[in-house]
Number of protein chains: 4
Amino acid sequence: MTTIDNASLVTWRRQFHRYPETGWGEFYTTATLIKILEEMGHHVLTGEQIINPDFIRGRNPSIVEKAKHAAKERGVDDALLERIGDYTGCAAIFDTGRPGPTIAFRFDIDCVNVQETDTAEHIPNQEGFNSTNQGYMHACGHDGHMAIGLGVAKWLMENKNSSLKGVIKLIFQPAEEGVRGAKPIAESGILDDVDYFACGHLGCDIPSGVIVAAPERYLSTLKMDLRFKGKAAHAGMEPHAGKNALLAACNATIQILSLPTHGEGMTRANVGVLNAGEGRNVIPSYAQMQIEVRGENEKINNYMTEEALRRARGVALSFDVELETEVMGEAVDFIPDDEMTDYITEVAQTIPAVKKVQRTMNFNGSDDATLLIKRVQAHGGKAAYFVIGSDIKAGHHQAKFDIDEEQLFTGFSIFTGLLQRLSV
Amino acid sequence: MTTIDNASLVTWRRQFHRYPETGWGEFYTTATLIKILEEMGHHVLTGEQIINPDFIRGRNPSIVEKAKHAAKERGVDDALLERIGDYTGCAAIFDTGRPGPTIAFRFDIDCVNVQETDTAEHIPNQEGFNSTNQGYMHACGHDGHMAIGLGVAKWLMENKNSSLKGVIKLIFQPAEEGVRGAKPIAESGILDDVDYFACGHLGCDIPSGVIVAAPERYLSTLKMDLRFKGKAAHAGMEPHAGKNALLAACNATIQILSLPTHGEGMTRANVGVLNAGEGRNVIPSYAQMQIEVRGENEKINNYMTEEALRRARGVALSFDVELETEVMGEAVDFIPDDEMTDYITEVAQTIPAVKKVQRTMNFNGSDDATLLIKRVQAHGGKAAYFVIGSDIKAGHHQAKFDIDEEQLFTGFSIFTGLLQRLSV
Amino acid sequence: MTTIDNASLVTWRRQFHRYPETGWGEFYTTATLIKILEEMGHHVLTGEQIINPDFIRGRNPSIVEKAKHAAKERGVDDALLERIGDYTGCAAIFDTGRPGPTIAFRFDIDCVNVQETDTAEHIPNQEGFNSTNQGYMHACGHDGHMAIGLGVAKWLMENKNSSLKGVIKLIFQPAEEGVRGAKPIAESGILDDVDYFACGHLGCDIPSGVIVAAPERYLSTLKMDLRFKGKAAHAGMEPHAGKNALLAACNATIQILSLPTHGEGMTRANVGVLNAGEGRNVIPSYAQMQIEVRGENEKINNYMTEEALRRARGVALSFDVELETEVMGEAVDFIPDDEMTDYITEVAQTIPAVKKVQRTMNFNGSDDATLLIKRVQAHGGKAAYFVIGSDIKAGHHQAKFDIDEEQLFTGFSIFTGLLQRLSV
Amino acid sequence: MTTIDNASLVTWRRQFHRYPETGWGEFYTTATLIKILEEMGHHVLTGEQIINPDFIRGRNPSIVEKAKHAAKERGVDDALLERIGDYTGCAAIFDTGRPGPTIAFRFDIDCVNVQETDTAEHIPNQEGFNSTNQGYMHACGHDGHMAIGLGVAKWLMENKNSSLKGVIKLIFQPAEEGVRGAKPIAESGILDDVDYFACGHLGCDIPSGVIVAAPERYLSTLKMDLRFKGKAAHAGMEPHAGKNALLAACNATIQILSLPTHGEGMTRANVGVLNAGEGRNVIPSYAQMQIEVRGENEKINNYMTEEALRRARGVALSFDVELETEVMGEAVDFIPDDEMTDYITEVAQTIPAVKKVQRTMNFNGSDDATLLIKRVQAHGGKAAYFVIGSDIKAGHHQAKFDIDEEQLFTGFSIFTGLLQRLSV
C-alpha cells in the first residue's frame, strides 16, 4: 500500500535534475535529501557517520568549498551544513523494531561534468527543469536513482506497521562518477551487518520494459593521477639544464598504453588527460596525468596497476623527475549471488511494465557499488546489481542524455518488491 | 643639448613598470606612448598604419578584448582606442625637413606573463612602482626600452633646429615576446626606406658599464601551435572507436624532440606546453601543443621546421587524427654591419658611464628585431643590435628581475650619440 | 582390424624426430612420407598438385635451397625431388571405390627453430633419437602427428575391403608454424569436395587421458614483415642528412604495441623481431620487423591489421623512409560444427586410454588448419579440431618439450574411429 | 739522406691493402710489420709490452680467434704469434744513443668492415692489389699510414749515424676504428716520457697538395653497447608473462635520441644498430644496441654519456628487464700545441708537393689518437695531429675509397722533416 505513483517520482527527479552537483560537492543535494527524509520521519546519518575519511579519494578541496558556498547561497542553513561537515551523502536507517534481516540499497547522487544541451527538443528544456548549474548535468540517471530512493523511503514509512522485519538502510552515496565515494562508505563499516544488498541502474543501453537481473563483466578499475615535477630552463640558452616533465609524461603515456594485454582476460588502460608545461620556450617543469586501468577481474586489474606504476617510476628515473601518484577512485568486479538474482527475477516478472527479464549482459564498465557488494559478501551477505531498462535519448554522459521517466516507477517497484520478499 | 637626465627616464620607466601589458594587448601602454609623444609635438602613426594585418601572429582575440576593456576602464578615451584599432604599437616619425638619411630605432613595449615577486627587498615593492596588473610583469626590461625611446623622442624635439638631417623613425613595437610583432611591422613597409637601423637591449647577463657592440648567434626560430583533433570514445566500453589525439600528441612530442641535430650548426626543439583530453575515462579527442624550433641560421631553422612538420603530419596519419598548425612567431639570425658596429663602438667609448666596449658575445636567444633588420638590409640599409649592460637582480623573465636604472641614461646616450653621427 | 600398434607409431615418430625440417624446407620429410605411403599402396599427390603457388607465404628461398640440397645429401633421389618441386607436403588420396562422403584429415609436418636440449634426462637423448639437424627440433608434436597420419594410412589399406565408403584424403601439410602452409593448400581446391574434415593436436597443456572435443577461441591472426628503408649518413658529421630507419622502426613498434584493445573481444599485437642498422656511427638506413596481430574473431583481427598498417604508414611519413610490407602467414577463428563435435565425443568415449572427454577449452592460439576448415565449411562441409591430451615435459616450442608417446595410439584411434562412423 | 722514394711506400701500402684486418684482429698485419721492422734492425715491442689489458675495449674474442687462425694459415709462424699474444699492434723503439728528446709518432693499422667494390675503374682492381679478405677493406687510409710509418722507420736506420738525438718511438696502433685501441696503449705508460707527439691522417676531404696543420673540433665520444635481458613468453597465450626487451630497447632508443642538446656546445647521439627478439610470436627476451654519444668537449660528452645511461636505467626499471652496459670505445677532444703546429707548418712549407698549408679545419669526427695526445700533454709533452690532403675517389669508409698514392711521400716528408727539427 502506497501513495507513491510515478508522478511523485518524476517531481523529485526533476527537482534534482535542476541542480546537479559533482562528486564530493553534493551539499545542496545532500541537504535536500536529508530534509525530505527527515520530514518523512526517517533517522538520517550523514558526513563522518557514514564516511571513513581515511579512504577519501578524488576529492578536490576547492570544488568542495565552492559547492558548500553555493549550497549556502541557495538557502541551506548553517546548522545543516555543519552537520554534513566535509563529506556529502547520507543514509536513512529504518528499524522495523521487529527481528529480521538487515537490508541495504544504494542510490548514487552525483552528476557529471557535462554542459546540458540547449536544443529545443530536449525534454528538460521543454518542461523547464534543465540544469541551472553551468557545466554540470545529471547525464547518468542519478537524479532518477535518488527519486526512486525517496520513493522507497516514503513506502517504508507508509508500511511501517506492516509485517516488515529487520533493518533497512537506504544509502545515498556521493561521488560514484570516478568510482570515488563507495570506498570510504564501505570502510565506515555501515554495511558490515547487511544480509541483503541491492542497487540498480537506469539505462545502460537496455530499452524500457526490460530488466537485466545479473549483469556480468563489471570491470575492476583503478583511477590514478600521476604528477611529474622536473626543472624549468630556457629552451634556447640552456636546454641541458632542464628536467623535462612533459617529455616524461609523454613517455609514461606511451609506456602505459603499450602494456601487454593479459592472457587470462580483458584489460584496459587510458591516459585521459595530460596537462604540462609553462610556456613555449621553457623546458617544462611539471606534468599532470589522469589515468585509469581496468581488468576483467581484480587480479588482472592489480597486474595493470602494478605495471602502470612500474612504467611511471621507470620514466621518473629516466628523466630525473619526481613522481607523485594519487589514487583517485577504484571499483572491482563481482559475482552476483544467485539467490538475489532469483529474487530480482521473480519480483520483476510481477511488474506490469516489465516486458522481459533478461538474466545477464556484459556491463563492460565499472561502478563502485562493487566495493560495497564486496564488503557485504565478505561478511556473508548476498548482493545484486540490476539494470532497469530505459529508452535514452543519447548515450550516458552526453549532453542530450535523458531517461524515460516512466521507468522510475519500475525501479521503485523492484526495490519495494524485494523488501516484501526479503524483509520477512 | 637636452633637459633629459636619468631621473626623467626613471620616471617613465616606473610608470610603464606599474602597468605591464602582454603582447597584442598593450592598449593602455600604446595610448600612454601616443599621448606623451604627441604632447612633445611628434607625428605619431599607430594601428594599421604600421601593422600589416596579413602577417599577424600569436594574437589571442580574447586577451585583446580584455586588454582593450581594461584600457578603457583605466581612462583611455574612446577616440584614441578607435584610432589604435585592433593592433597595438606606434611610431613617431620625425622629419628634420632637411635632406638626409632615414634612420630607425626599435623599442619593444610588451611584458611577460610572470607574477612579480612580493618580497620586500625587491625595489619596485620598496619604491611602490610594482606591477598592478596581476600575473604580468615587465621582467625583460621593455619598460626601460620605452623610457629610453621617449628620452630620444624628447631629445629630437629639443634639437630639431640643430644640424640633424633626414628622417628619424622611432618604432614602438608590440609583442616582441614570442617574436610576434616585428613581422607585421616589417611587412607594413614602414622600414623600406631606412638607411640605418638600430636597437638595443638592457641586461642580457652583461654587467653595468659594459656595452656589447655586435652580439652574434641570434638564433633563427619558428614558434608553432599544433592541434590534433580525434574522436572521443568510452575508454572501457569501446576503446577501439576512439581516435586518440593525446596519444598522437605524445608521439609527436617524442618524434620532434628526437629530430637529429644538424652537422652545420646548432639546433633546438622544444614542446613547451601540451594540453589534451576531456576526462580520465574518455579516449582523448583533442590535444594542443606549443612548440618552437631554432637553428644557428635560417637554413638550419627551416630544416628543423620542415622536419617537425613532417613528424606532425606522420603522426596525424598514424593515429587518424586531424592536424592544424599555426605559426605563432618567428625570428631570424643576422649579420651585423661593420659600419654600424664601428659607430656604436665609437659612440659608446665617449660615454663616461661606459667602462668597456666589448665587440661581441653569443646571444644564444632570439629577438624578432632581426626580421626588421633583415628587411632593412634587404633594401640596402645598415643595421645593428647592441646590448646595454645592466646589473640585474635575477634572470630575465623571472619574478625578481630588476634592471639597474642608472643604465637608462647610457642607452639614451648611445641612441642620441648615433643620431649625432648618422643624421648628418 | 589392424596390425598397427603403438610401437609402430613410436617408430615413425622417432624417425621424424631425428631429422626435423623447418617450414617450406621439409624435403627429406616429404620424400620419406611419399615413400612410405606409396609402399603401402597409396596414390600420393605432392608439390603444385596440392599447393597453389599464388598464395605461398613466408617462404625463404635460401632456406628452401639449403633444405633441398641437404635432402639430396641424405639420399633422396633426384626424380623424387623433381616431383616434389618447389613446394613441400603431400596428400594420400584413398578412393574406396564405393559411393560415399569425402573425408579429409590434416597432419602438419614442419618443426620449430629450437635447438634441442642436451640434458641426459631428455628421453630423445636417452633413447638416441634426438634431432640431428642443428638448430631445429620437433618441439610441437608434429612428428607425432605424422606418425598418426601414417598409422591411419596403413589402417586404410588394411581395411580397404571393409565397408568403408567414399574418398579419404590424408593431407600432410607443410609450414604450419607461422601459419603459412594452409592457405595455398586451401586455394588449390583439393578440399572443395570434402564433407567431413578433422585434425587434432597433441599436448596443448591437456594431460594424457583427456580429449577436448571442440576447443574454442582460435585466434584470427595476421603475420607481417615490415621493412623500412631510409638513408645512411655519418652520425657525427651530418646526422641531418640521414633518414633513420631504425628510429622509424622503434616508433612503429611503440605505436603498434599501443593499439587500443577492442571493446568486442580480445586482441594481441607483438613485434617479435627487430633488426636494424649497419654500424654504431651511421644513421641506420634499414630496419626489418617481424610482427603479428591477433583478434578474437576475423573482424577484430582485421581491425588490428588495418590499424597496425596505418601506424606503419604514418611512421614512414614521419621519418621520410620507405615502407615495404609482406604478409607472412595467417589464420582465422572458427566455429566447430556440433555434429562433428558429437562424433568425436562418442568415438573418444570408446577408447580405453581416454579417461575424460572435455567439451571445450580456450585454445588462445592460432593454427592455420582454420583456413582449411573455413574452406570446407564454405562448401557445406563439417569440420572439427580436437586436442589429444598428452603429458609434456616442457611447454610447446621449448628445448625440453617431449610428448607422451602412449598418446599416439589414442590419436590414431580417434581418427580411425571417426572413419568407422563417417565413411559409411 | 734516404733511399726511400714514393715507389717503396706504394709497394708497402699495396701489400697491406691486399690483406686488411679488422680491429684487434690485425695478427697478419702486426706480424708483417714486426718482420719488416726487425729486418731493418729495429727493436720492436708488441702485445702486452705496449697494451694494458685492463683497458681493452670493443674486442670480440671470436673475431680474434678467427684472425689468429687465418694469420697462421697465411704462414705466420707460431713463435711470432705467441710473442704477439692476444693483443695486436707493435712499436719500434729507436734509441739514438745520444741524449735528447723523446718523440713518438702514431700510425694506425686496422681496416673497416666494408666489402671493396668490384668495379673495373677501381685502381686496386686494375692493378691487382684489391682486398683478398672478404668483407674487409682498407677504406680509411690506414694502409697508407703504415707505409709512411715503415718509410720513417727505414729513414731512421739510414740516418742513425747522423745528428739525431734522443729516442724515437713509432707506434703502430691497432683498433683505431671504433676508437678502441689507443686507451690501452696510453695506459701502458709507453708514452709517459714523450716530449713531442705527432700523427697524421690521409684524406679527410682535403685535396692533394694541401696540409692542415692543426684541425679543430675533434669530438669527444663514448661508444657503448647496451644489452637488455627480459623474459620470453608466448605472445598469444600469455603476453603478460613476458618481459619485453625489444620494447625496452625501442623506448631506450627514443629516450636517448631525444636527449636535450647542450647550451654550451655541440652534441650528438646515435643508436646505430639494434637487434632484438627470437621469433615473431614470442615476447622478445633480449635486445642489443650499439650506441654512441659525442660532445664538443669532454664535459659535454660526459653529460651525454651520463644522461644516456640514466635513460637506459630508467627503461630497464620500466620494463623490469636487466641492463648490461659495456664501453666499446672512446676519444676526447684536444687543443693542439702551437709550438707543434708551427713546426708542422714550417716543415710542410718546404715540401715541393705541398701547395698550401692551411692552419685549421673542423674535423667534426673522432680519433682516439686524442687519448694518446691527452696522455702526452698531461705529462708535459707537446702534440699535433695534422691532415695530409689526398684526392679520394669516394668518401672514407665507402667501397670505392682510394687514396692518391703520391701523397704517401708527402706524409713521409713531414714526419722526417719533423724529426730533423725536433730530434736535435
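Because the structure is predicted, anything quoted here is derived from the model rather than measured.

1. Overview of the interface of chain D and chain B
- Of the residues lining the interface, nine residues belong to chain D; the matching set on chain B comes to ten residues.
- With both chains or domains summed, chain D and chain B bury close to 680 Å², and 45% of this area falls on carbon and sulfur atoms.
- Counting the contacts that link chain D with chain B gives three residue pairs in polar contact (both at pLDDT 80 or more).
- Grouping the constituent residues of the side of chain D that touches chain B by class yields two nonpolar, six polar and one charged.

2. Brief notes about the sheet that holds strand β4 (residues 167–173) of chain D
Residues and elements named next belong to chain D.
- Strand order across the open sheet formed by eight strands is β1-β2-β4-β3-β5-β12-β6-β11, with mixed pairing between neighbours. Strands at the two margins of the open sheet, each flanked by one partner only, are β1 (43–46) and β11 (356–358). Strand-to-strand twist in this sheet, taken as the mean axis angle between neighbours without regard to direction, amounts to 20°.
- On top of the sheet, helix α12 (residues 407–422) reaches β3 (102–108), β4, β5 (196–202), β6 (210–212) and β12 (382–388); it is set at about 170° to β5, its chief contact.

3. Remarks on helix α2 (residues 27–40) of chain B
All names here are of chain B.
- Taking 1.5 Å per residue as the helical rise, α2 with its 14 residues ought to reach 20 Å, and the 20 Å between its terminal C-alpha atoms agrees with that figure.
- For α2, a buried count of ten out of 14 residues is recorded, marking the element as mostly surrounded by other parts of the structure.
- Within α2, burial applies to Phe-27, Thr-29, Thr-30, Ala-31, Thr-32, Leu-33, Ile-34, Ile-36, Leu-37 and Met-40.

4. Concerning helix α3 (residues 61–73) of chain A
Residues and elements named next belong to chain A.
- Between the first and last C-alpha of α3 there are 18 Å, a value that for 13 residues agrees with the 18 Å anticipated at 1.5 Å per step.
- Within α3, burial applies to Val-64, Ala-67, Lys-68 and Ala-71. Each buried residue of α3 sits inside an arc of 105° when the element is viewed along its axis, so together they form one side. Set apart from the buried face of α3 by more than 90 degrees, the exposed residues are Lys-66, His-69 and Glu-73.
- Of the surrounding elements, those touching the buried residues of α3 are α2 (27–40) and α4 (78–84).
- A side-chain oxygen of the first residue of α3 lies 2.9 Å from the backbone nitrogen of Ser-62; this N-cap is Asn-60.

5. Structural notes on the UniProt feature "binding site: Mn(2+) 2" (unreviewed entry) in chain A
Residue and element names in this part refer to chain A.
- Cross-referencing UniProt, the feature "binding site: Mn(2+) 2" (unreviewed entry) maps to Cys-140, His-142, Glu-177 and His-201 in the present numbering. A maximum C-alpha distance of 13.0 Å places the annotated residues, which cover 62 residues in sequence, within one compact spot.
- Position of His-142 relative to the elements: it lies in helix α6 (residues 142–158).
- A relative accessible area of 0% places His-142 in the buried class.

6. Digging into the interface of chain D and chain C
- Facing the 39 residues of chain D at the interface are 40 residues of chain C.
- Of the roughly 3000 Å² buried where chain D meets chain C, counting both sides, 55% is carbon and sulfur surface.
- In this structure, Arg-280 of chain C and Asp-225 of chain D form a salt bridge, with 2.9 Å as the shortest nitrogen-oxygen distance.
- Where chain D meets chain C, there are 14 residue pairs in polar contact (both at pLDDT 80 or more).

7. Description of the relation of the copies chain D and chain C
- If you rotate chain D by 179° and push it 0.2 Å along the axis, it lands on chain C with an RMSD of 0.2 Å. On the angle and the small slide along the axis, the relation comes out as a two-fold axis.
- With an isologous cut-off of 70% or more, the 100% of interface residues of chain D that recur at the interface of chain C puts this contact in the isologous class.

8. Comments concerning the pattern of salt bridges
- Scanning the model with the defined rule gives 136 salt bridges over all chains in all.
- Salt bridges here are not isolated pairs; linked through shared partners, they connect Arg-13, Arg-14, Glu-127, Asp-143, Asp-402 and Glu-405 of chain A.

9. Concerning the side chain of Asp-108 of chain C
Residues and elements named next belong to chain C.
- Counting through the fold element by element, Asp-108 comes out in strand β3 (residues 102–108).
- The exposure class assigned to Asp-108 is buried, which follows from its relative accessible area of 1%.
- Side chain to side chain, Asp-108 and His-142 meet in a polar contact 3.2 Å long.
- A polar side-chain atom of Asp-108 sits 2.6 Å from a polar atom in the side chain of His-145.
- Apart from the residues lying within four places of it in its own chain, the contact partners of Asp-108 are His-142, His-145, Met-146, Gln-173, Glu-176 and Asp-367.

10. Description of the packing of aromatic side chains
Residues and elements named next belong to chain A.
- Evaluation of the coordinates by the stated rule reveals 44 aromatic pairs over all chains.
- Residues Tyr-218 and Phe-363 carry aromatic rings whose centres are separated by 4.2 Å and whose planes lie at 15° to one another, so their mutual orientation is stacked. Of the two residues, Tyr-218 is situated in the loop between β6 (210–212) and β7 (220–229) and Phe-363 in the loop between β13 (356–358) and α11 (369–378); the sequence distance between them amounts to 145 residues. Across the pair, exposure class does not vary: Tyr-218 and Phe-363 are buried alike.
- Aromatic ring contacts, followed pair by pair, group Phe-105, Phe-107, Phe-172, Phe-386 and Phe-415 into a single cluster.

What counts and how
- Residues numbered from 1 in each chain as written.
- Chains lettered and ligands numbered in written order.
- Predicted model: local features only at pLDDT ≥ 70, side-chain atom pairs only at ≥ 80, totals over all residues.
- Heavy atoms only, no water.
- Contact = heavy atoms within 4.5 Å.
- Buried area = accessible area lost by both parts, 1.4 Å probe.
- Polar contact = N/O pair within 3.5 Å; in protein donor to acceptor, adjacent residues only side chain to side chain.
- Nonpolar A, V, L, I, M, F, W, Y, C, P; charged D, E, K, R; others polar.
- Pairing = 2+ DSSP bridges.
- Helix = DSSP H or I, 4+ residues; strand = E, 2+ residues; numbered from the N terminus.
- Axes fitted to C-alpha atoms, helices over the stretch in contact; angles between N-to-C directions.
- Expected span 1.5 Å × (residues − 1).
- Buried < 20%, exposed > 50% of the residue type's maximum accessible area, 1.4 Å probe, protein only.
- Arc of directions from axis to C-beta.
- UniProt positions renumbered as here; feature names shortened; annotations may be inferred.
- Salt bridge = Lys/Arg side-chain N within 4 Å of Asp/Glu carboxyl O.
- Least-squares fit on C-alpha atoms with pLDDT ≥ 70 in both.
- Phe/Tyr/Trp six-rings, centres within 6.5 Å; stacked < 30°, edge-to-face > 60°.

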